[in-house]
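In case you want the letters, here they are:
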Amino acid sequence: MNMDGIDQFLGSKVDRGEIPGATAVVAGRDRILYSGTFGLRDAANHVSMTPDDIFEIFSMTKPFTSVLVMMLIEEGRIGMDQPVSDFLPSLAKPEVITGFDENTGSYETRPADGEITVRHLLTHTAGFGYIFFSRAVNVMTRKTGRPATELPLLFDPGTRWMYGPNTRVLGKAVEKLTGMTLEEVLRERIWGPLGLHDTCYTLPEEKYGRLVTTHRRKDGLLVEDTRGEKPDVIMLGDTGLYSTATDYAAFLRLFLNAGTLGGTRILSEESVGMMVRNQIGGLVVEMLPGVIPDMAKSFPIGGGRDKFGLGFQISAGTGDDALHRSPGSCSWAGMKNTFFWFDLKKGVAAVLMMHVMPFYDEVCINVYRGFEEAVYEGLG
């Protein structure tokens, strides 16, 4: 095993000015195989990146919430096919949009063919959409002032895959069931037992200096945002977490080890198996347009063919490819171009964190794909 290629590849991307900096970790079932940092945490003040630097991980929050839901299912406190309206009554008897006026934001609806279940939310088949990947949701949200979770569904639950604030709804259900905030229950049930001391919604003041600044690519140039005095606190099931590449790699090792880490069992082997298997049948992860290009480009890699489990996109690649993840590998990403995948067949997990907007920026995607090739080349 020789991971020098990762250093060479990511180092060259920083040297060429393609990205301002990055942190990367590769883990096996029982240890860290590689850790590296590149470029600057804070370009304006010439501060170099370090292994414990903190990133806003946005949608990489979702797997934590999904694990909490699976824990509650194991305990019999919620059912996989239970209507979520049992816990959140406002979601009872959902409506499906049949048409809308793009100029006024007005719309017509019909009753949905069935209730929204926990399974629909875990698999992103409930019918919700995000403003940056759905034109209809974008327009209706702007014109009506209503959040995406209060709009009519885009389709009948279970009939399509659509990326949306599904895990946000699950987060609300978790808080209702436990009587705790997400931060409290995550700290008690996952972060504490796994030793994830730098993962949180509310970043302590003594850690502010470790937060990586954000760059935005404008007209091909990287422009650094001014560092704010105090980081935002957004405590939702689908977004809002701060974390490090090291913490996140430890979390992914939980899946490589069928629900345990360091002798601590978080999930049963059966629950992990469900999370990492196709749970959407003949449906596929759809390729989505970037409706707000300054926020997000079209995504994801694997759109049109990949499957989805209970919280993860599942690679539907065919055959063996020595320089890429195995078919059946699980992955997801965060808005500022933080990425992860874990490959159960090869027993490896990888995390790459950058802080660049927009999401799925072409340069960042090329870095991500090149990083993947360097990882597998290093594994030999």
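Residues numbered from 1 in each chain as written. Predicted model: local features only at pLDDT ≥ 70, side-chain atom pairs only at ≥ 80, totals over all residues. Heavy atoms only, no water.

A pair can form between side chains of opposite charge whenever their charged atoms are brought close. Considering all chains together, one arrives at 19 salt bridges under this definition. Of the charged contacts in the structure, one is a salt bridge between Glu102 and Arg135, with a shortest N-O distance of 2.7 Å. Taken together, the residues span a long stretch of sequence, with Glu102 in the loop between strand E5 (95-100) and strand E6 (107-111) and Arg135 in helix H4 (residues 135-144) at a distance of 33 residues. Among the residues examined, Glu102 registers a relative accessible area of 39% and is labelled partly exposed. Three or more residues joined by partner-sharing salt bridges are found here, namely Asp52, Asp198, Lys207 and Arg210. (Salt bridge = Lys/Arg side-chain N within 4 Å of Asp/Glu carboxyl O. Helix = DSSP H or I, 4+ residues; strand = E, 2+ residues; numbered from the N terminus. Buried < 20%, exposed > 50% of the residue type's maximum accessible area, 1.4 Å probe, protein only.)

Reading across from one edge, E3-E2-E1-E16-E15-E14-E13-E12 is the order of the eight strands in this open sheet, with antiparallel pairing throughout. Strands at the two margins of the open sheet, each flanked by one partner only, are strand E3 (47-48) and strand E12 (307-308). Of the strand pairs in this sheet, strand E1 (residues 21-28) and strand E16 (residues 348-353) are connected by six bridges, and their pairing is antiparallel. Bridge assignment links Val26 to a residue of E16, and that residue is Ala350. (Pairing = 2+ DSSP bridges.)

Residues Val26, Phe64, Ile190, Tyr248, Phe251, Phe342 and Phe371 are the most contacted members of the largest nonpolar core, which totals 112 residues. The greatest single-element share of this core, amounting to nine residues, is contributed by helix H7 (residues 245-256). Other than its neighbours up to four places away in sequence, Phe251 contacts Pro63, Phe64, Val67, Ile190, Leu194 and Leu196. (Core = buried A, V, L, I, M, F, W, Y, C linked by side-chain atoms within 4.5 Å. Contact = heavy atoms within 4.5 Å.)

Turning our eyes to something else, we now look at the packing of aromatic side chains. Counting across every chain of the model gives 31 aromatic pairs. With a centroid separation of 5.0 Å and 20° between ring planes, the pair formed by Tyr130 and Phe132 is classed as stacked. For the residue pair Tyr130 and Phe132, the accessibility class agrees, reading buried in each case. Between Trp161 and Tyr163 the ring centres are 6.4 Å apart and the planes differ by 5°, which places this aromatic pair in the stacked class. One exposure class covers both Trp161 and Tyr163, and it is buried. (Phe/Tyr/Trp six-rings, centres within 6.5 Å; stacked < 30°, edge-to-face > 60°.)

For the rest of this paragraph, the subject is helix H2 (residues 62-74). The end-to-end C-alpha distance of H2 is 19 Å, a good match for the 18 Å that 13 residues give at a rise of 1.5 Å each. When you tally the buried positions in H2, you get eleven out of 13 residues, the bulk of the element. Considered for burial, the residues of H2 that qualify are Lys62, Pro63, Phe64, Thr65, Ser66, Val67, Leu68, Val69, Met70, Met71 and Leu72. Phi for Gly76, located one or two positions after H2, is positive at around 75°. (Expected span 1.5 Å × (residues − 1).)

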